[in-house]
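Spelled out from the first residue to the last, the chains are:
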Amino acid sequence: MPTVQPQDLGIGQLFWTVREAVIVADATTGRIVLWNPAAETLFGYSAAEAIGLPFETLVPERPRLQLQAALAQHPALAPGPAPSPGWSLELPARRKSGEYIFIELSLSPIEDEAVDGRLVLAMVRDLTARKQAEAEQARLLRQAEAAEAKFRGLLESAPDAIVTVDHEGRITLANAQAEQLFGYSRDELLGQPVELLLPERFRTAHRHSRGGYASAPRVRPMGAGLELAGRRKDGSEFPAEISLSPLETEAGLLVTSVIRDLTERKRAEEERAQLIREQAARAAAEAGQRRLAFLAEASSVLASSLDYEATLASVARLAVLTLADYCVIHLAEEDGRIRRVELACADPAREARLRELQARHPPPEPNAPAGAARVIRTGQAELYPDVSEAWLRATIRETGRLHILGALGARSLMLVPLLARGGTLGALTFALAESGRHYGPEDLALAEDLARRCALAIDNARLYRQLQQALRSRDEFLASAAHDLKTPLTAIKGYAQLLQRQAARLDTPQVARLLDGLAKVDAITNKMRALIDELVDLARLELGQPLALIRKPTDLVALARQVAAEQQQTSGRHQVQVEATVPELVGWWDAARLERVLGNLLGNAIKYSLEGGEVTVRVAREDSWAVVQVQDHGIGIPTADLSRIFERFQRGGNVIGRIPGTGIGLAGARQIAEQHGGSITVESQEGLGTTITVRLPLSVLSAES
């Protein structure tokens, strides 16, 4: 490699001062022979380090083949005449630090007799900044193109129609959804006034509002309450919601509208509203069913007993399961005092505490200004949906009740009167506390309905008690009167029998008539005495006093024949016959009362067999039972009356008003049979006749004999 100095090449001082990197290389070996300061700055190699290096050292490995191919074809390195200058090559280079740069390489041959060999002058220009700028510009262009493509993609893929209008209200942009929604092609929309997309009735108003918007443009988001109607190309309309986004540009104001078809949403909203209405109706129906079930259960409880205080306690317990957290019942006494009859609480522990407080504090005074006392005085219900401690202190002046309500933690109250027959029997108080609920008008209506039922039950129970007392007094009077009536009847019977004996000794034509009359008086007296005995027995049983049975061995067959013979004498149109499967049937019975039973049954059979006919008495033994049946073929008993025919003062509906009777005969027969340990039953079909069966135990005879 030749030794070369700049002055040898004729370039002198210029080599050291030029701003571009200048490198001289041996064309034969490709090694660097000259390296100016600008080359040191560009590549980072000092002249001492660079001289002697292959020129290819300055190029990275990948573009090195490109450089070698270019140099092999370069005229400056080929033999022959010197080429004209101007050839250049752009390629990446590498600094000493390893940093990559981009350079423009221009080669020119050097022919100078002052040096041996052929040399090449390389002018190296740093293109890194320009390439970086070009790369950045290309990157920005790609970004812009990508952004535009993305915008176009978003615009076309947007689920809503998008329309942009200029300051004159003409459409400058429309996406595919706008085409699909309105039925116009994009070419048909561009340049048209935006009012084309509105129903004609809205167009004038929209032009005015558009002018006002342009004077003060602002973003109006979707769902801001502006709902319009859109018009399609075919003239059909649809509900729409729009958003507005203004943009100031060099060309003027542009407003982008996003238009959303609300048809499906409106349909869904209507379906949802309908569902809500149906759910509300179903909830109301279910609530109504729950109220009815509650009232039905309460009515069942109230009807289960005439002990109204016990049933009220059950109702209060039922109320705290459904209507309240706390329930108290007050009743007004006849003397005007108020009595607390029941308290119930959903929480057993709290109920115990409240009962303790109730025991320490007396019931409210009748003239108390608030609470149950006022409701009882006025007969008006009171509803307090929201109750606070301050309200309680201001309203409740009674210390005891204030303590009770405070301990309860009442947050909502209802007080309803117990009204019956124009009077107020008491009051129900309902409270909500820990459940967090609050009473409303529907709850008050339910409470008033419950109170009416409770009041009716209380009133009925009190009336029943009064009726029972009246019946007891009546029965006591009846028993006393019947006892008193026996004395004159006994006297009448005695005088009649005395006169019969005296008349039998007379020998006059009128004796037969006199004896017949006295016999009738005696028979009537016996009948009246039997009726009085029947009334006395009924009165005793109603008073809870059992019959004083006078038991003795009694032949039921003989008794039946006796009674049948007596009854046969009362009617010539009936044939009364006795059928017995045994010659005698003796039991330990009250003969007089069994005679009364048989007399009643046979008397009824004859009375209700209006056309006459057979009346049969059957006597039989079945194991340890004596059985007596009385059968007729008369008018019978209606099916609806069979279940109550043995009750006192009850008769078949087909005889009332037609055939006289008291309705006490069968009731007395049942009582006598049952007190003997037996039973009485009836089988009957209206129009075909009746069979009544009496069963009496035979075992009593051996037990008491």
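The rules we used
- Residues numbered from 1 in each chain as written.
- Predicted model: local features only at pLDDT ≥ 70, side-chain atom pairs only at ≥ 80, totals over all residues.
- Heavy atoms only, no water.
- Phe/Tyr/Trp six-rings, centres within 6.5 Å; stacked < 30°, edge-to-face > 60°.
- Helix = DSSP H or I, 4+ residues; strand = E, 2+ residues; numbered from the N terminus.
- Buried < 20%, exposed > 50% of the residue type's maximum accessible area, 1.4 Å probe, protein only.
- Expected span 1.5 Å × (residues − 1).
- Disulfide = S-S within 2.5 Å.
- Core = buried A, V, L, I, M, F, W, Y, C linked by side-chain atoms within 4.5 Å.
- Salt bridge = Lys/Arg side-chain N within 4 Å of Asp/Glu carboxyl O.
- Pairing = 2+ DSSP bridges.
- Axes fitted to C-alpha atoms, helices over the stretch in contact; angles between N-to-C directions.
- Contact = heavy atoms within 4.5 Å.
- pLDDT = per-residue confidence, 0-100.

Draft legend 1. Local environment of the packing of aromatic side chains. By the definition in use, this model includes three aromatic pairs. On the basis of an interplanar angle of 85 degrees and a centroid distance of 6.4 Å, the ring pair of Trp35 and Tyr45 is categorised as edge-to-face. Here Tyr45 lies in the loop between helix 3 (37-43) and helix 4 (47-50) and Trp35 lies in strand 2 (residues 32-35), a separation of ten residues in the sequence. We note that Trp35, like Tyr45, is buried. Taken together, the aromatic side chains of Trp35, Phe43 and Tyr45 make up a single cluster linked through ring pairs.

Draft legend 2. Quick look at helix 11 (residues 308-322). Here helix 11 spans 21 Å end to end across 15 residues, near enough to the 21 Å set by a 1.5 Å rise per residue. Residues Tyr308, Thr311, Leu312, Val315, Ala316, Leu318, Ala319 and Val320 constitute the buried set of helix 11.

Draft legend 3. Spotlight on the environment of Ala129. You can see Ala129 is positioned in helix 6 (residues 128-157). It is 9.0 Å that separates the C-alpha atoms of Ala129 and Ile101, two residues lying 28 residues apart in sequence.

Draft legend 4. Structural detail: the state of the cysteines. Evaluation of the coordinates by the stated rule reveals zero disulfides. The cysteine Cys327 is free of any disulfide, with Cys454 supplying the nearest cysteine sulfur at 8.3 Å. Look at Cys327 and you get buried, because its relative accessible area is 2%. Overall, the relative accessible area of 1% leaves Cys454 in the buried class.

Draft legend 5. Expanded view of unusual backbone geometry. The phi dihedral of Arg421 falls on the positive side, at around 50 degrees, and the residue is not glycine. As for its position among the elements, Arg421 is in the loop between strand 14 (412-420) and strand 15 (423-432). Residue classification places Arg421 among the exposed positions, given a relative accessible area of 67%.

Draft legend 6. Main features of the nonpolar core. The biggest cluster of nonpolar side chains holds 38 residues, and the ones touching the most others in it are Leu312, Leu418, Leu428, Phe430, Leu450 and Cys454. Counting residues per element, the ones that place at least two in this core are helix 10 (263-303), helix 11, strand 11 (326-332), strand 12 (338-345), strand 14, strand 15 and helix 16 (441-504). Tallying contributions element by element places helix 16 first for this core, with ten residues. Ranked by size, the runner-up nonpolar core spans 37 residues in total, among them Ala560, Val576, Leu594 and Ile680.

Draft legend 7. Structural detail: the pattern of salt bridges. Here the structure, examined in full by the defined rule, presents 29 salt bridges. Put simply, Glu49 and Lys96 hold a salt bridge, and the shortest N to O gap is 2.8 Å. With Glu49 in helix 4 and Lys96 in the loop between strand 3 (88-94) and strand 4 (100-110), this pair connects stretches of sequence that are 47 residues apart. Of the residues examined, Lys96 reaches a relative accessible area of 44% and is grouped as partly exposed. Where Asp449 meets Arg452, a salt bridge forms, and the shortest distance between an N and an O atom there is 3.9 Å. Residue Asp449 and its partner Arg452 are located together in helix 16, separated by three residues, close to a single helical turn. One network of salt bridges, with partners in common, ties together Glu90, Arg130, Lys131 and Glu134.

Draft legend 8. Main features of the sheet that holds strand 15. Strand order in this open sheet of five strands is 12-11-15-14-13, and the pairing throughout is antiparallel. The open sheet has two edge strands, strand 12 and strand 13 (382-384), and neither has a second partner. Neighbour to neighbour, the strand axes of the sheet diverge by 15 degrees on average, direction disregarded. Two elements, strand 13 and strand 14, share three bridges in a ladder whose sense is antiparallel. Residue pairing in the sheet places Glu382 in a bridge with Leu415 of strand 14.

Draft legend 9. Fine view of the side chain of His330. Among the secondary structure elements, His330 is positioned in strand 11. A relative accessible area of 6% places His330 in the buried class. Excluding residues that lie within four positions of it along the chain, His330 makes contacts with Ile338, Arg339, Arg340, Pro364, Ala372, Leu418, Gly426 and Ala427.

Draft legend 10. Region of the structure containing the confidence of the model for the protein chain. Averaged over the protein chain, the pLDDT score is 80; the fraction of residues at 70 or greater is 82%. Taken as a whole, residues 79-84 scores under 50 in pLDDT and shows five contacts with residues more than four places along the chain or in a different chain. The low-confidence segment residues 701-705, where pLDDT is below 50, has five contacts with residues more than four positions distant or belonging to other chains.

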